[in-house]
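# Breakdown of the fold
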Amino acid sequence: MRFRAKIVDLACLNHFSRIINTIAKLAKTCTLRLTDSKLYFILADKVANGGVSMWCDLCQGNFFDEFQMEGVAAEHNEIYLELVPENLSRALKTAQSAKAVKIKLTNKHCPCLRVAVELPSLSSSSRIVTHDIPVGVIPRRLWNDFREPGVPDFDVSIYLPVLKTMKSVVERMKNLSNSIVIEANLSGEMNLKIETDLVSVTTHFKDLGNPPWASEDGCQSSPGRDLESMAEARIDIKKLQQLLAGQQVNPTKALCNIVSKRIVHFILLHEDVSLQYFIPALA
């Protein structure tokens, strides 16, 4: 099992760093799945237990100048590692003006991702700062626990308003309640509501648009649904705020799918990155 990669392009490095920052804000630990074409960051808390889950994938070719890996076996050419994303985020913070960053899977005293940051120096020799990030190697028999979550058969799918706007609304509401109701319909309208014994506050968004999901990919919203009728789910406001506050991917498209009273599924898309985030509804 071997893995080594190198980033030279500064713009790619900063973009990669922002993605890792976002993931570090969403997950204390996560699984890094490496294949020869993609990297996946996976948080597979069981939604049934009230945990959020996350699935982020990026094409390695858009970030790395060199990328070599050999998986656990020829027919299973993949590597699954458990890591604390905050550690990787910290290591990359030292790389903001780096000439190159190399990442390599090593095994000195325990398995580690070694991040070697080559910094520009005034003399002819370069300075290299090395971070060893401990990782756990996930055995082959457990890989099935980390499959991509299916898109649930949602009642409504809608584009999100500008995330900064949504974030400031949610931050204000967070001081008033622990939960928030997200509701939307197929006419491009979405409401964020909190209701407590003392106060009820609703923010309305309209003309957001609904994604034109193709029926062949099997995740069509309920056929024959009344366009005006709202689908809603009450979720933990802190989990939503965490998603919005940690957001550094600057998605070109952001949307959410609502399965009434069951789950809210967020999808943030950037040219070369897709981040999915599932927040289960509160009873």
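Before reading on, note that the structure itself is shown above.
The following refers to the structure shown. (Residues numbered from 1 in each chain as written. Predicted model: local features only at pLDDT ≥ 70, side-chain atom pairs only at ≥ 80, totals over all residues. Heavy atoms only, no water.)

Take the sheet that holds strand S17 (residues 263-270) next. Strand order in the open sheet formed by nine strands is S10-S6-S2-S3-S4-S18-S17-S16-S11, and the pairing between neighbours is antiparallel. The open sheet terminates on both sides in strands that have one partner only, identified here as strand S10 (136-137) and strand S11 (156-159). Sheet analysis places strand S3 (residues 38-44) next to strand S4 (residues 53-59), joined by seven bridges and oriented antiparallel. By the bridge assignment for S4, Leu 43 is matched with Met 54. (Pairing = 2+ DSSP bridges. Helix = DSSP H or I, 4+ residues; strand = E, 2+ residues; numbered from the N terminus.)

Moving on: the side chain of Arg 33. Structurally, the position occupied by Arg 33 is in strand S2 (residues 30-34). For Arg 33, a relative accessible area of 10% puts it in the buried group. A distance of 2.9 Å separates the side chain of Arg 33 from the side chain of Glu 78, its partner in a polar contact. Beyond its immediate chain neighbours, meaning those up to four positions away, Arg 33 contacts Lys 38, Leu 39, Tyr 40, Ile 42, Trp 55, Glu 78, Ile 79, Tyr 80 and Arg 147. (Buried < 20%, exposed > 50% of the residue type's maximum accessible area, 1.4 Å probe, protein only. Polar contact = N/O pair within 3.5 Å; in protein donor to acceptor, adjacent residues only side chain to side chain. Contact = heavy atoms within 4.5 Å.)

Turning next to the pattern of salt bridges. Under the defined criterion, the tally for this structure stands at eight salt bridges. As a salt-bridge pair, Glu 70 and Arg 2 come within 3.3 Å of each other at their nearest N and O atoms. With Glu 70 in strand S5 (residues 66-70) and Arg 2 in strand S1 (residues 2-7), this residue pair connects regions lying 68 residues apart in the sequence. The class for Glu 70 is partly exposed, based on a relative accessible area of 40%. Arg 2 gets classed as exposed once you look at its relative accessible area, which sits at 54%. A salt bridge links Lys 193 to Glu 183; its shortest N-O distance comes to 3.4 Å. With a gap of 10 residues between them, Lys 193 in strand S13 (residues 190-195) and Glu 183 in strand S12 (residues 179-184) connect regions that are remote in the sequence. (Salt bridge = Lys/Arg side-chain N within 4 Å of Asp/Glu carboxyl O.)

Attention now goes to a nonpolar patch on the surface. Side chains of Met 1, Val 72 and Val 137 sit close together on the surface and give an oily, nonpolar patch of about 230 Å² of accessible area. According to the relative accessible area criterion, Val 137 is partly exposed, its value standing at 37%. (Patch = residues over 30% accessible without salt bridge, like charges linked within 9 Å, V, L, I, M, F, W, Y side chains within 5 Å. Areas by Shrake-Rupley, 256 points an atom, 1.4 Å probe, with all protein chains shown as cover.)

Describing two packed helices takes the angle between their axes plus the distance from one axis to the other. At a minimum axis separation of 8 Å, helix H1 (residues 10-26) and helix H2 (residues 85-93) run at an interaxial angle of 150 degrees. It follows from the interaxial angle that H1 and H2 lie roughly antiparallel. The way H1 lies across H2 gives a crossing that is left-handed. Between H1 and H2, the residues in contact are Leu 13, Phe 16, Ser 17, Ile 20, Asn 21, Ile 23 and Ala 24 and Pro 85, Glu 86, Leu 88, Ser 89, Leu 92 and Lys 93, respectively. Along the lines of polarity and charge, the residues of the contact of H1 with H2 split into eight nonpolar, three polar and two charged. (Axes fitted to C-alpha atoms, helices over the stretch in contact; angles between N-to-C directions. Parallel < 35°, antiparallel > 145°, perpendicular 65-115°, else oblique. Left-handed = near helix turned anticlockwise from the far one by under 90°. Nonpolar A, V, L, I, M, F, W, Y, C, P; charged D, E, K, R; others polar.)

Attention now moves to the environment of Lys 238. Its place among the elements puts Lys 238 in helix H4 (residues 237-245). Placed 58 residues apart in sequence, Lys 238 and Ile 180 show a C-alpha to C-alpha distance of 9.2 Å.

Right, let's talk about empty space enclosed by the protein for a bit. Summed over all chains, the structure comprises one cavity of 30 Å³ or more. By volume, the largest cavity amounts to about 70 Å³. Every residue along the wall of the largest cavity is listed here: Phe 3, Phe 16, Leu 32, Leu 39, Phe 41, Phe 64, Leu 88, Ile 103 and Leu 113. Here the residues of the lining of the largest cavity sort into nine nonpolar, no polar and no charged. (1 Å grid on protein atoms, 1.4 Å probe; cavity = no way out; pocket = protein on both sides within 12 Å on 5 of 7 lines; lining within 4 Å. Points joined across faces, edges and corners; volume = space filled by probe spheres on them.)

The next point concerns the packing of aromatic side chains. All chains considered together, the criterion is met by seven aromatic pairs. Geometrically, the ring pair formed by Phe 64 and Phe 67 is tilted, given 5.4 Å between the ring centres and 55 degrees between the ring planes. Just as Phe 64 is buried, Phe 67 falls in that class too. Where Tyr 80 meets Phe 146, the ring centres are 6.2 Å apart and the plane angle is 45 degrees; that geometry is what we call tilted. On the criterion of sequence distance, the pair formed by Tyr 80 in strand S6 (residues 79-83) and Phe 146 in the loop between S10 and S11 is long-range, its members being 66 residues apart. The exposure class of Tyr 80 is buried, given its relative accessible area of 1%. Aromatic rings pair up to connect Phe 3, Phe 16, Phe 63, Phe 64 and Phe 67 into one cluster. (Phe/Tyr/Trp six-rings, centres within 6.5 Å; stacked < 30°, edge-to-face > 60°.)

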